[in-house]
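Listed here are the chains, written in short residue letters.
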Amino acid sequence: MAVKQQMMYEGKAKKVFLTDDPKLVIVDYKDDATAFNGEKKGQIVGKGALNNRIASIFFRLLESKGIPTHYVETLSEREMLVKKVQIVPIELVVRNIAAGSLAKRIGWEEGTILPKVVIEFYYKDDELGDPLINRSHIDVLNLATPEQIADMEEMARQINIHLKAFLADKNLLLVDFKLEFGVDADGNLLLADEISPDTCRFWDADTKEKLDKDRFRRDLGSVEQAYEEIFRRLGGVTQ
Ligand code: C5P
């Protein structure tokens with residue numbers, strides 16, 4: 001059993017604690033919510049516990065499909081034990097349906113099914129506002145090797161296939177989602193961060209109701225209820 005030690009990092013939605021095992025850290029999911037690069041701030045009551053449980057379900061699913069992730073085990077309501085990684089400062093966004101910034105960028109109506117999966121790279125840098133970047137930018141900034149980019153892109157495509165099928169079974173559309181990867185002490189590239197309604201767009205397949213952080217970003221109300229609904233559809237039990 002890894003013993004929790006001092007906090008090494010606090011992000012917008014999570015805290016990370018060292019443990020007595022140098023290869024493992026504990027992620028503590030917070031209720032804090034931010035949007036628009038931290039300009040909009042709030043709290044979603046119960047979000048930390050729900051995202052911890054939702055992300056655990058997704059990580060276990062992906063591990064069972066052979067995708068290497070940082071997930072080790074779920075420790076408590078808000079705590080997850082994960083492998084310590086050096087995060088690659090690139091956010092990969094995978095899109096199946098036009099929404100959000102893509103709908104704006106290419107002028108397609110939100111909800112348009114994309115004829116092909118779109119994969120985008122963003123530079124993970126708060127000061128710059130996480131800008132969209134291409135392979136030349138990644139190369140000149142030395143953010144990842146061409147092999148790592150190819151591996152991340154291939155894993156992202158596989159993850160999309162597995163998540164889409166799993167969610168379709170729960171009458172949910174996977175509109176788009178963001179992934180982060182990290183390199184562990186042994187040099188393995190692992191899926192890291194989280195997969196949750198904070199980082200994905202989930203729509204009800206029939207009504208197209210938004211069941212994700214867009215309810216917070218766009219002031220649509222019933223934010224907590226949307227996260228609870230996702231957890232319930234994934235098989236979780238709420239009081
Ligand atoms: O805003 P945009 O349309 O580019 O977001 C695409 C997807 O990536 C959404 O599912 C959103 O929740 C996620 N995302 C994220 N963190 C960011 C930016 C986007 O989780 N910093």
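Rules and cut-offs
Numbering of residues starts from 1 in each chain and follows the order in which that chain's sequence is written. Only residues with pLDDT of 70 or above have their local features reported here, since the model is predicted, and side-chain atom pairs are shown and tallied only from 80 upward, although totals for entire chains, interfaces and linings are computed over all residues. Think of the side-chain values as coming from all heavy atoms in the structure, minus any hydrogens and water. UniProt positions are given in the numbering used here, feature names are shortened, and annotations may be inferred rather than shown by experiment. Secondary structure is summarised from DSSP: a helix means a run of H or I of at least four residues, a strand means a run of E of at least two, and numbering begins at the N terminus for each. For the domains described, the bounds stem from an automatic or database domain assignment. Between two residues, a contact is recorded if the distance between any of their heavy atoms is within 4.5 Å. Note: buried area is the sum, over both parts, of the accessible area (probe 1.4 Å) each one loses when the two are combined. When a carboxyl oxygen of Asp or Glu is within 4 Å of a side-chain nitrogen of Lys or Arg, the pair counts as a salt bridge. Stacked, edge-to-face and tilted are the three classes for Phe, Tyr and Trp ring pairs, Trp counted by its six-membered ring, which pair at centre distances within 6.5 Å; planes under 30 degrees apart are stacked, over 60 edge-to-face, the rest tilted. Burial classification: accessible surface area is computed with a 1.4 Å probe over protein chains only, and a residue below 20% of its type maximum counts as buried, one above 50% as exposed, and the rest as partly exposed. For a ring to carry a charge above it, either NZ of a lysine or CZ of an arginine must fall within 6 Å of the ring centroid while also lying within 35 degrees of the normal to the ring plane. Every angle, taken between N-to-C directions, lies between 0 and 180 degrees, and every axis is a line fitted to C-alpha atoms, over only the stretch in contact when it is a helix. In what follows, roughly perpendicular refers to angles from 65 to 115 degrees, roughly parallel to angles under 35, roughly antiparallel to angles over 145, and oblique to any angle outside these ranges. Throughout, a crossing is termed right-handed when the near helix is turned clockwise from the far one, and left-handed when it is turned anticlockwise from it by less than a right angle. Think of it this way: DSSP has to see at least two bridges between two strands before they count as a pair.

With respect to the UniProt feature "domain: SAICAR synthetase/ADE2 N-terminal" (unreviewed entry) in the protein
Then step 1. Taken from the UniProt record, the annotation "domain: SAICAR synthetase/ADE2 N-terminal" (unreviewed entry) applies to residues 8-233.
Then step 2. Between the end C-alpha atoms of residues 8-233 the distance is 34 Å, and the span holds 31% helix and 35% strand.

Description of the domain arrangement of the protein
Then step 1. Domains assigned within the protein are domain 1 (4-85) and domain 2 (86-222).
Then step 2. Here the C-alpha centre of domain 2 lies 17 Å away from the C-alpha centre of domain 1.
Then step 3. Each partner contributes to the interface: domain 1 provides 31 residues, whereas domain 2 provides 31 residues.
Then step 4. Of the roughly 2600 Å² buried at the junction of domain 1 and domain 2 (both faces included), carbon and sulfur atoms supply 67%.
Then step 5. Taken as a group, Lys-40, Phe-58 and Val-85 account for 24% of the area that domain 1 buries against domain 2, more than any other trio of residues on that side.
Then step 6. For the interface between domain 1 and domain 2, the tally reads 6 salt bridges.
Then step 7. The residue Lys-14 makes a salt bridge to Glu-194 at a minimum N-O spacing of 2.6 Å.

Here's the deal with the packing of aromatic side chains
Then step 1. Under the defined criterion, the tally for this structure stands at 3 aromatic pairs.
Then step 2. Between Phe-58 and Phe-166, the ring centres sit 6.2 Å apart and the planes meet at 75°, which makes this aromatic pair edge-to-face. Of the two residues, Phe-58 sits in helix H1 (residues 47-64) while Phe-166 sits in helix H4 (residues 146-168), which places them 108 residues apart along the sequence. Assigned by exposure class, Phe-58 and Phe-166 land together as buried.
Then step 3. In this arrangement the basic side chain of Lys-4 is found over the ring face of Phe-17, its NZ or CZ atom lying 4.1 Å from the centre.

Brief notes about the packing of H1 against H4
Then step 1. The N-to-C vectors of H1 and H4 enclose an angle of 120°; their axes lie 10 Å apart at closest approach. Viewed along their axes, H1 and H4 adopt a mutual orientation that is oblique. Judged by the twist between their axes, the crossing of H1 over H4 is right-handed. Contacts between H1 and H4 involve Ile-57, Phe-58, Leu-61 and Leu-62 from the first element and Ile-159, His-162, Leu-163, Phe-166 and Leu-167 from the second.

Examining the sheet that holds strand E1 (residues 4-10)
Hydrogen bonds between backbone atoms are what pair the strands of a sheet, whose relative direction is either parallel or antiparallel.
Then step 1. Pairing within the open sheet is antiparallel, and its 5 strands lie in the order E1-E2-E3-E7-E6. In this open sheet, the two edge strands, each paired with only one partner strand, are E1 and strand E6 (71-74). Geometrically, the sheet is characterised by an average inter-axis angle of 30° between neighbouring strands, direction not taken into account.
Then step 2. One ladder, built from 3 bridges, connects E6 with strand E7 (residues 79-83); its direction is antiparallel. Residue Tyr-71 lies in a different strand from E7, and its bridge partner there is Val-82.
Then step 3. Sitting on the sheet, H1 is in contact with strand E3 (24-29), E6 and E7, with an inclination near 135° to E6.

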